[in-house]
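Structural characterization, general
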Amino acid sequence: MNIFTGLLGSALRMSTPLMLGALAEVFVERTGVMNIAIEGIFLIGAWAGFVGAYLSGNLLVGFLAAAIIGMAYGAVYGLITVKFKQHQIVTGTAMNILALGLTSYLYRVLFGAPLLPLTVEPLMDLPIPMLSKIPLIGKALFSQNALTYLAILLMPVGYWVLFRTRVGLIIRSTGENPEAVDAAGINVERVRFLAVLASSALDGVAGAFYSIGFLGMFTSGIIGGRGWIAFALCFLGNWNPVGVMLGALIFGLADALSVVFLTSGIKIVPHEFLIALPYILTIIATISRRRFNVPAYLGKPYVKESG
Amino acid sequence: MQALNNLTTQIAGMVLDRMKQRDQSFWLVFSPILSVILGLLGSGLMMLLLGQNPITVYYNLFRYAFRDIYNIADIFAKSTPLILTGLAFGFAFRASLFNIGAQGQFYVGALAAVVCALHLEGAPPILALLACFLASATAGGLWAAFIGYTKARFNANEFLVSMMSTYIAIAIMNFLIRGPLKEAKGEYPQTDVIPANTWLPPLIPHTRLHWGFLLAVAVALIAYFILWKTTLGYKIRVVGHNQVAARYAGINTKRIFVIVFSISGAFAGLAGFTEINGMQHMLIEGFNPQIGAEGIGIAILGNAHPIGILLAALLFGALKVGGNLITQTSEIPASIIGIIEGFVMLAVILSYYLQNKIRTWRSKKALKSREGVTL
């Protein structure tokens, strides 16, 4: 297998959770709420996914558990920020600290302190007949795991929902002009809360990709800032699924490059530089891009005028 | 009759104001205490999962933390960097700016301190310490000034940039510790021990408490002085209240962004100085990985006020000392400390909600009764 195919394949694989997380963030931020708890929900998802898969012996159960528990954790965030109108950054930070403590504590409660890390068999590649035989790109594009296919499919679907459906219109209007949405008889808080729930479920699955989709085990450092990358991708992708997908692929490539360089022993640049690359790129992109399509009410709680 | 009415309204207004004042100071003390109790209750439930009696655990935690002079001194030692990272977040918060990157500024400050110390073997201790102090404050300040600059110049989102800059700082630190700064033995990813002349002297002999604690207290007082006793501080608070109004009032908000971030970063950088020169005496890969996040929790618990931050940091310090000993002597894993901190933070946020709720309910009631008087 040549290095190009390998790199492209693993770039796609590494960008999978970023695509899912950033898409989730696009939808929730379009309603005006930043899901700052994303890093914590990724971690919760990774934990729940592993626990579900390990106890049941079934990866699907793991991903389901990740979605449900991620959603439950997000519900707390939604309750405090949307319903109680408390500060999103502060609340999110608290939820992220708590997630770090909770996951490693509950891992200990369930499994004690095993000498060797417990493992499950991660997601298998599902080569698509015919297509995966295309030279050069076939193996990279069409011999991926189910979640990667799903993530790639979800991007156009997400675009369609956001810009071509009534639900999408409501979502976008809630972030741009909540008064108008309210005047149309739609409950702004409910739209936002539901968006937090949906995005948290997807974040949970994205987090579970690291534990059971890829590594096959759980450690407390497994996410290590990747939730923030997904969060940043939402900004960089200009709150648009297409932009998000492009950004995720670039960051996936950076991630894949650092793994390739580390395992093959090539030393062009220090390994740490490649680790830092997505974060450097994010800053450069943030300052080089002048016109952002920020939802007008992003981060601002909606206070209904009482008559 | 009219005069009487006016008088009663005036009196009612005065009483209300007095009540509001008392109300505020009451909440200022009551709500953090309530939050801490709630946080401990929540974590207590988690202990039940491991079949541990929370009352025994907390009793032991308290007993260990205050067991002897060594442990009590350790509370102050552990709270030292927490005061500084708490101030870092709290200071910027007063300007409604979000410095989420105290962790990175702390590492940059620690790097500067350790490099400085390693090169100053044999120098007079006072000068060596002063050099390390300046190096870490400058390094942290400059690192954060960049964040303020991107906000001022490019209108970048400071939350995002400060968050990302932390991961870059971690990568730089790891690179240096695994490469140029790696210990002479070359075994572990850590630096050599810094020479003894660059150590912060102990405040109480035979304990780990060092002069860095007094430095942190001094920095808290300086932060208070800047914010409430200087023109700059006044401007910072005006920007915090309303950026647009501040601009109309002729305040150069962009300059304030850069200044606030520099000061905030210098605070976090100094935490690196106290940890390297006072506590660890070397730089170890990935040490104190939660100090930035804990600073945020402390700043929130302390209402972003330097004195509140000081007290909140001492509480977190006590939790750490007692918590560490608990985890060494019982089945409770160390992650319980993070759980307690997380629950306390959430409880603080909920108490803000409760305060608002009660306040609106009260003022509604007061409004009704006042209307009754004037009618």
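Source: prediction; values computed, not measured. (Residues numbered from 1 in each chain as written. Chains lettered and ligands numbered in written order. Predicted model: local features only at pLDDT ≥ 70, side-chain atom pairs only at ≥ 80, totals over all residues.)

This paragraph deals with the overall build of chain B. The secondary structure content of chain B amounts to 13 helices and zero strands. Along its sequence from the N terminus, chain B presents helices and strands in the succession α-α-α-α-α-α-α-α-α-α-α-α-α. Seen through its principal axes, chain B has C-alpha atoms that stretch 90 × 60 × 35 Å. Expressed as a percentage of the 375 residues in chain B, the buried residues total 48%. At a minimum sequence separation of 6, the contacts of chain B that also span at least 24 residues come to 78%. (Helix = DSSP H or I, 4+ residues; strand = E, 2+ residues; numbered from the N terminus. Buried ≥ 20, exposed ≤ 12 C-beta atoms within 10 Å, placed from the backbone. Contact = placed C-beta atoms within 7 Å.)

Take the overall build of chain A next. Within chain A, the regular secondary structure consists of 12 helices and two strands. The secondary structure elements of chain A, listed N-terminal to C-terminal, are α-α-α-α-β-α-β-α-α-α-α-α-α-α. For 307 residues, the compact-globule formula gives about 19 Å, and the C-alpha radius of gyration of chain A, at 20 Å, lands near that figure. Taken over the C-alpha atoms alone, chain A extends approximately 65 × 45 × 40 Å along its principal axes. (Rg over C-alpha atoms; globule rule 2.2 N^0.38 Å.)

We now examine the packing of helix α10 (residues 226–236) of chain A against helix α12 (residues 271–288) of chain A. All names here are of chain A. Contact geometry for α10 and α12: axes closest at 10 Å, N-to-C directions at 25°. One element, α10, and the other, α12, form an angle in the roughly parallel class. Read as a crossing pair, α10 and α12 show a hand that is left-handed. When α10 is examined against α12, the residues Ile229, Ala232, Phe235 and Leu236 are found in contact with a partner set consisting of Pro278, Thr282, Ala285 and Thr286. Of the residues in the contact of α10 with α12, the class split is six nonpolar, two polar and no charged. (Axes fitted to C-alpha atoms, helices over the stretch in contact; angles between N-to-C directions. Parallel < 35°, antiparallel > 145°, perpendicular 65-115°, else oblique. Left-handed = near helix turned anticlockwise from the far one by under 90°. Nonpolar A, V, L, I, M, F, W, Y, C, P; charged D, E, K, R; others polar.)

Moving on, we come to the interface of chain A and chain B. Reports of interface size often rely on the accessible area that becomes lost once the parts have come together. Counting residues at the interface gives 32 residues for chain A and 35 residues for chain B. Listed by contribution, the elements that provide at least two residues to the side of chain A that touches chain B are α4 (88–111), α10 and α12 of chain A. For the side of chain A that touches chain B, the element with the most residues is α4 of chain A, which contributes 14 residues. Partitioning the side of chain A that touches chain B into residue classes produces 22 nonpolar, eight polar and two charged.

Our next topic: the confidence of the model for chain B. Overall, the predicted model of chain B reaches an average pLDDT of 90, with 92% of residues at or above 70. In the model output, the complex is listed with pTM 0.89 alongside ipTM 0.89. (pLDDT = per-residue confidence, 0-100.)

Residue and element names in this part refer to chain A. Look at α4: 34 Å from first C-alpha to last across 24 residues, which is about the 34 Å you get at 1.5 Å a residue. Taken across its 24 residues, α4 has 18 buried, putting it largely inside the fold. With its phi angle positive at about 65°, glycine 112 sits one or two positions after the end of α4. (Expected span 1.5 Å × (residues − 1).)

In this section: the environment of isoleucine 3 of chain A. One can find isoleucine 3 of chain A in helix α1 (residues 3–30). Residues isoleucine 3 of chain A and isoleucine 152 of chain A lie 149 residues apart in sequence; the distance between their C-alpha atoms is 22 Å.

The subject of this paragraph is unusual backbone geometry. Residues and elements named next belong to chain B. With a phi angle near 65°, histidine 206 is a residue other than glycine that sits in the positive phi range. Looking at where histidine 206 falls in the secondary structure, it is placed in the loop between α6 (158–178) and α7 (212–229). Look at histidine 206 and you get exposed, because 9 C-beta atoms sit within 10 Å. With a phi close to 55°, alanine 304 is a non-glycine residue in the positive phi region. When you line up the elements, alanine 304 lands in the loop between α11 (291–301) and α12 (306–329).

Residues and elements named next belong to chain B. At a closest axis distance of 7 Å, the pairing of helix α3 (residues 69–93) and α12 adopts a crossing angle of 135°. Between α3 and α12, the angle falls in the class oblique. The chirality of how α3 crosses α12 is right-handed. From α3, Asn71, Asp74, Ile75, Phe76, Lys78, Ser79, Leu82, Ile83, Gly86, Leu87 and Gly90 reach across to α12, where they touch Pro306, Ile309, Leu310, Ala312, Ala313, Leu314, Phe316, Gly317, Ala318, Lys320 and Val321. Taken together, the residues of the contact of α3 with α12 sort by class into 14 nonpolar, five polar and three charged.

Time to look at the environment of valine 196 of chain A. Residue and element names in this part refer to chain A. Among the structural elements, valine 196 can be located in helix α9 (residues 188–215). Given 26 C-beta atoms within 10 Å, valine 196 falls into the buried group. Residues in contact with valine 196, not counting those within four places in the same chain, are Val28, Val33, Asn35, Gly74, Tyr77, Gly78 and Val82.

Before going further, it helps to examine the nonpolar core. Core analysis: the biggest nonpolar cluster contains 212 residues, and Leu233 of chain A together with Leu111 of chain B have the highest contact counts within it. Other than its neighbours up to four places away in sequence, leucine 233 of chain A contacts Leu18, Ala22, Val244, Gly247, Ala248 and Phe251 of chain A. Counting residues in each nonpolar core, the second largest holds five residues, with Ala11, Met14, Ala140 and Ala256 of chain A among its members. (Core = buried A, V, L, I, M, F, W, Y, C linked by C-beta atoms within 7 Å.)

Moving on: α11 of chain B. Residues and elements named next belong to chain B. Of all 11 residues making up α11, 11 are buried, and the element is well covered by its neighbours. Along α11, the positions that sit buried rather than exposed are Ile291, Gly292, Ala293, Glu294, Gly295, Ile296, Gly297, Ile298, Ala299, Ile300 and Leu301. Directly beyond the C-terminal end of α11, a positive phi value near 55° is found at asparagine 303.

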